[in-house]
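Given next are the chains, with one letter for each unit.
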Amino acid sequence: MSGLLVIAEQRCGELRPVSLELIGAAQGLRREGDSVSVALLAPSPGALIEPLKLAGVDEIVAVKVAAPEFDPDTFESAISALIAERKPDVVLVAHSVDSFGFAAALAAKLGLGFATDVFKVERQDGELVATRGGYGQKVNVEVDFPGRGTVLLAVRGNVFKPPEQKGSPRISEFSAPPVSSRSSGREFIELAAADDVDMTAAEFILTVGRGIGEEAKVVQFKELADAIGATLGCSRPIADAGWLPKSRQVGQSGKTASACKLYIAMGVSGAIQHLAGMKHVATIVAVNSDAEASIFGVAKYGIVGDIFEIAEELRRCF
């Protein structure tokens, strides 16, 4: 068994960005002689192939399926047959709501090594080791897979960088076996977004936490963010309270500030769940009245003081 198989993810006829990130993750695992194949399951896979033609991809496998939208039984059956034929040693899928529907069942059915929410993967002394969060992201857990010929990994989004160069992979087709789905879809309805901000693309973020005290104070920090050219974000307590939309939440159950270069955290304690979405940012400025706040452990610059006084001083400068 050798080689890597990436399962691309598409929704409503559009390739999801995480598909390209999975290709980036595969590059760090390939050994001499390994090939990287990307499988694309869709009613019309040919229409989505072009974006997958990237450096490091040796083959794109077009798998035509009957289901117009995602169907877990269809994916499980098709990928199971593909693994049986190709016998890859690593299969990469997105850690997403779609993969939740088939990945665990597929791993149990085929006896695969399996890990979810993987944010780091490498080979140590020739053996595959995946790192994921544990105990609510309080610790990092290294997982190995002794005796498993094939390992299935669900990879966290916004972690691995997609290849930037284009490539010329060969294109092949795979006939998915017929399957009787246990569910049927009538219509796919995309819920309207409560906010049009994309926190994953923001390069400058000002985030507020429970330290602001009350909803009325949000306006003050929204004005400050606009004045200094930042995107206003928040920690989970603020989103849960409805003071800001969930789309602005940064953290484990929110968005990852993947493109952020400067992150200002005001009144954010630094719970591990929040740090999961922003601790990788190169320049973090933390403002908190509690000198023992966890946020100072990841900040490059820290200010122990009243966030409202600091905000007012900043506002005077702009």
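The coordinates are above.
Because the structure is predicted, anything quoted here is derived from the model rather than measured.

Draft legend 1. A look at the overall build of the protein chain. Of the regular secondary structure elements, the protein chain holds eight helices and 16 strands. Relative to a compact globule of 318 residues, whose C-alpha radius of gyration would be 20 Å, the protein chain shows 22 Å and is just as compact. A principal-axis box enclosing the C-alpha atoms of the protein chain has dimensions of 65 × 50 × 35 Å. For the protein chain, the proportion of its 318 residues judged to be buried stands at 46%. Here the analysis covers contacts within the protein chain between residues at least 6 apart in sequence; of these, 65% occur between residues at least 24 apart. Total accessible area computed for the protein chain in this model is approximately 15,800 Å², and 50% of it derives from carbon and sulfur atoms. Charge centroids of the protein chain, computed over 32 positive and 40 negative side chains, lie 2 Å from each other.

Draft legend 2. How the structure looks around the packing of helix α5 (residues 218–228) against helix α8 (residues 307–317). Viewed as axis vectors pointing N to C, α5 and α8 meet at an angle of 35°, and their least axial separation amounts to 10 Å. For the crossing formed where α5 meets α8, the hand is left-handed. Across the interface between the two elements, Q220, F221, E223, L224 and A227 from α5 touch I307, F308, A311, L314 and R315 from α8. Classifying every residue of the contact of α5 with α8 by side-chain character gives seven nonpolar, one polar and two charged.

Draft legend 3. Main features of the nonpolar core. V6, L52, L92, L128 and L153 are the most contacted members of the largest nonpolar core, which totals 34 residues. When residues of this core are assigned to their parent elements, the largest contribution, five residues, is made by helix α1 (residues 18–27). Leaving out residues up to four positions away in the same chain, L52 has contacts with A8, L15, L20, I23, V38, L40, V57 and I60.

Draft legend 4. Local environment of the environment of P245. Topologically, P245 is positioned in the loop between α6 (236–240) and β14 (262–266). Through-space distance from the C-alpha of P245 to that of C234 is 8.9 Å; in sequence the pair is eleven residues apart.

Draft legend 5. Summary view of a negative patch on the surface. A cluster of like negative charges, contributed by D125, E127, E142 and D144, occupies part of the molecular surface. Relative to the helices and strands, D144 resides in strand β9 (residues 139–144).

The rules we used
- Residues numbered from 1 in each chain as written.
- Predicted model: local features only at pLDDT ≥ 70, side-chain atom pairs only at ≥ 80, totals over all residues.
- Heavy atoms only, no water.
- Helix = DSSP H or I, 4+ residues; strand = E, 2+ residues; numbered from the N terminus.
- Rg over C-alpha atoms; globule rule 2.2 N^0.38 Å.
- Buried < 20%, exposed > 50% of the residue type's maximum accessible area, 1.4 Å probe, protein only.
- Contact = heavy atoms within 4.5 Å.
- Areas by Shrake-Rupley, 256 points an atom, 1.4 Å probe, with all protein chains shown as cover.
- Lys, Arg positive; Asp, Glu negative; His and termini not counted.
- Charge placed at Lys NZ, Arg CZ, Asp CG, Glu CD.
- Axes fitted to C-alpha atoms, helices over the stretch in contact; angles between N-to-C directions.
- Left-handed = near helix turned anticlockwise from the far one by under 90°.
- Nonpolar A, V, L, I, M, F, W, Y, C, P; charged D, E, K, R; others polar.
- Core = buried A, V, L, I, M, F, W, Y, C linked by side-chain atoms within 4.5 Å.
- Patch = residues over 30% accessible without salt bridge, like charges linked within 9 Å, V, L, I, M, F, W, Y side chains within 5 Å.
- Salt bridge = Lys/Arg side-chain N within 4 Å of Asp/Glu carboxyl O.

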